[in-house]
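Structural overview for review
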Amino acid sequence: MENRTKTIRLVYPQWQGGNIAQWITEVKDPEQASRGYYLGAQLLNFLAPNNGQETFTVPIATDIVERKVTDGVMDKEAILAQTRAAMDILNIQKPDRIVTLGGECSASVVPFTYLADRYNGDVAIVWIDAHPDITLPGDVYAGYHAMAMSACLGLGDKEILAELPAKIDASRVLFVGLRDWERDEIKERQAQYGIRHLAPADVRENSNAILHWLKSCGASKVVVHFDMDVLDPAEIIAAVGVVPDGMKIAEVVRVISDIVKEKDIVGLTIAEPMPRTAIRIKEMLENLPLLK
């Protein structure tokens with residue numbers, strides 16, 4: 001019998017990991033802004049080509065309750081419940097490859113750690129992002145999306161980590177497009193962990209630096225996280241972050257396409273879509289007669 005790999009599409013519209021309403025100034029309702037990632041994940045799923053992949057959606061709470069910080073993590077209870085729900089889907093479906101449509105950055109944590117376990121640790125991460133996402137509980141910012149890479153490394157809140165099946169060694173992580181550490185302690189932490197990074201300028205002309213790293217990393221499989229805030233806001237504003245001098249759309253597409261030529265890509269996440277205009281249209285529609 002022919003061996004076939006199973007690829008699924010995982011829609012993971014988690015929004016609770018971000019505390020971002022203050023940065024979406026054109027959306028006046030902070031609740032609508034906070035849940036923007038939820039709409040963003042649905043739009044990604046709508047816009048992505050229908051290639052016959054079976055699609056599963058992680059159930060995500062949408063009620064706005066008091067947003068409290070527990071053990072250094074905002075909305076920890078919701079994140080913990082949704083982590084378990086996502087793991088349940090993967091443990092039942094047992095995919096070989098996962099395309100994840102987020103949601104904020106932490107949408108990568110469950111699929112990436114599942115795949116690390118699925119392939120007995122033979123997995124490297126290429127994290128395409130303006131930020132390294134290695135904050136920890138107790139840091140000044142309590143949003144779990146900024147702790148996403150920490151969780152993949154097995155660092156962070158013990159209850160959340162207990163739900164994850166594996167961790168990835170820092171030597172098998174490469175940041176691409178990194179240009180904003182936000183605080184000196186984060187840059188120091190990256191150096192402490194020993195995680196390499198490439199700036200947008202390092203991949204402007206070609207992907208050679210990434211391909212060289214992939215050859216030396218020791219893993220045959222790779223998972224790719226594509227945070228949309230890596231994109232240059234001079235070309236498109238697609239996320240919360242608008243740090244200048246980012247990667248162009250064509251550069252991100254080329255980088256990921258080149259990775260596929262070099263390694264077996266088993267996971268791809270597109271994360272942090274913040275559809276600012278769509279949120280405002282949604283607000284408008286909710287106030288029109290006969291639509292309420």
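None of these values were measured; they are calculated from a predicted model.

How each quantity is defined
Residues numbered from 1 in each chain as written. Predicted model: local features only at pLDDT ≥ 70, side-chain atom pairs only at ≥ 80, totals over all residues. Heavy atoms only, no water. Helix = DSSP H or I, 4+ residues; strand = E, 2+ residues; numbered from the N terminus. Buried < 20%, exposed > 50% of the residue type's maximum accessible area, 1.4 Å probe, protein only. Arc of directions from axis to C-beta. Contact = heavy atoms within 4.5 Å. Pairing = 2+ DSSP bridges. Right-handed = clockwise from strand over helix to strand, strands pointing away. Expected span 1.5 Å × (residues − 1). Patch = residues over 30% accessible without salt bridge, like charges linked within 9 Å, V, L, I, M, F, W, Y side chains within 5 Å. Areas by Shrake-Rupley, 256 points an atom, 1.4 Å probe, with all protein chains shown as cover. Salt bridge = Lys/Arg side-chain N within 4 Å of Asp/Glu carboxyl O. Axes fitted to C-alpha atoms, helices over the stretch in contact; angles between N-to-C directions. Parallel < 35°, antiparallel > 145°, perpendicular 65-115°, else oblique.

Observations concerning the environment of P233
- As for its position among the elements, P233 is in the loop between β9 (221-227) and α9 (249-262).
- For the pair P233 and K248, spaced 15 residues apart in the sequence, the C-alpha separation amounts to 9.0 Å.

What about helix α7 (residues 184-193)?
- When α7 is considered as a whole, its buried residues turn out to be I186, R189, Q190 and Y193. One side of α7 carries all its buried residues, which in axial view fall inside an arc of 100 degrees. Turned more than 90 degrees away from the buried face of α7 sit D184, E188, A191 and Q192, all of them exposed.
- Close packing links the buried residues of α7 with β7 (173-176) and β8 (196-198).

Quick word on the pairing of β9
- Judged by how many residues are buried, β9 sits mostly within the fold: seven of seven residues are covered.
- Alignment of strand β6 (residues 123-128) against β9, held across six bridges, turns out to be parallel. Residue pairing in the sheet places V123 in a bridge with K221 of β9.
- Across seven bridges, the pairing between β9 and strand β10 (residues 264-271) is parallel. Across the sheet, the residue bridging to V224 is L268, located in β10.
- For the segment spanning β9, α9 and β10, crossover handedness is right-handed.

Comments concerning α9
- The end-to-end C-alpha distance of α9 is 20 Å, a good match for the 20 Å that 14 residues give at a rise of 1.5 Å each.
- Of all the positions in α9, only E251, V252, V255, I256, D258 and I259 are classed as buried. Projected down its long axis, α9 carries its buried residues within an arc of 160 degrees, all on one side. Across α9 from its buried face, at more than 90 degrees, point the exposed residues A250 and K261.
- Residues of α9 that are buried make contact with β6, α8 (208-216), β9 and β10.

With respect to a nonpolar patch on the surface
- On the surface, a cluster of nonpolar side chains totalling about 440 Å² of accessible area is made up of I281, M284, L285, L288 and L291.
- Inspection of the secondary structure puts L288 in the segment after α10 (276-286).
- Exposure remark for L288: the relative accessible area of 34% places this residue in the partly exposed category.

Quick look at the pattern of salt bridges
- As enumerated under the stated definition, the model contains 18 salt bridges in all.
- One salt bridge in this structure joins R183 and D139, with 3.8 Å as the shortest N-O distance. With R183 in the loop between β7 and α7 and D139 in the loop between β6 and α5 (148-152), this pair connects stretches of sequence that are 44 residues apart. Comparing R183 with D139 shows no difference in burial state: the two are buried.
- Residue R204 is joined to E251 by a salt bridge in which the shortest nitrogen-to-oxygen separation is 2.9 Å. You can see R204 sitting in the loop between β8 and α8 and its partner E251 sitting in helix α9, a full 47 residues away along the chain.
- Accessibility expressed as a relative area gives 9% for E251, which makes it buried.
- One connected set of salt bridges, linked through shared partners, spans D71, K76, D157 and E159.

Regarding unusual backbone geometry
- Note the cis peptide between G102 and G103, where omega equals 25 degrees.
- With respect to the secondary-structure elements, G103 resides in the loop between β5 (97-102) and α4 (109-118).
- Even without glycine at this site, E182 takes up a positive phi of about 70 degrees.
- Of note, E182 is situated in the loop between β7 and α7.

With respect to the packing of helix α2 (residues 36-47) against α10
- In the contact formed by α2 and α10, the axes pass within 10 Å of each other and the chain directions differ by 105 degrees. Compared by their axis directions, α2 and α10 come out roughly perpendicular. Of the residues in α10, those in contact with G36, L39 and L43 of α2 are A278, I279 and K282.

Re the sheet that holds β10
- Spatially, β2-β1-β5-β10-β9-β6-β7-β8 is the arrangement adopted by the eight strands of the open sheet, whose pairing is parallel. Both outer strands of the open sheet, β2 (54-57) and β8, are each paired with one neighbouring strand and no more. Ignoring which end each strand starts from, the neighbouring axes of this sheet average 20 degrees apart.
- Relative to β7, β6 is paired through four bridges, and the arrangement is parallel. Bridging from a neighbouring strand, I128 pairs with V176 of β7.
- Docked against the sheet, α2 engages β1 (7-12), β2, β5 and β10, running at close to 130 degrees with respect to β5.

Just distances and angles here, no functional claims.
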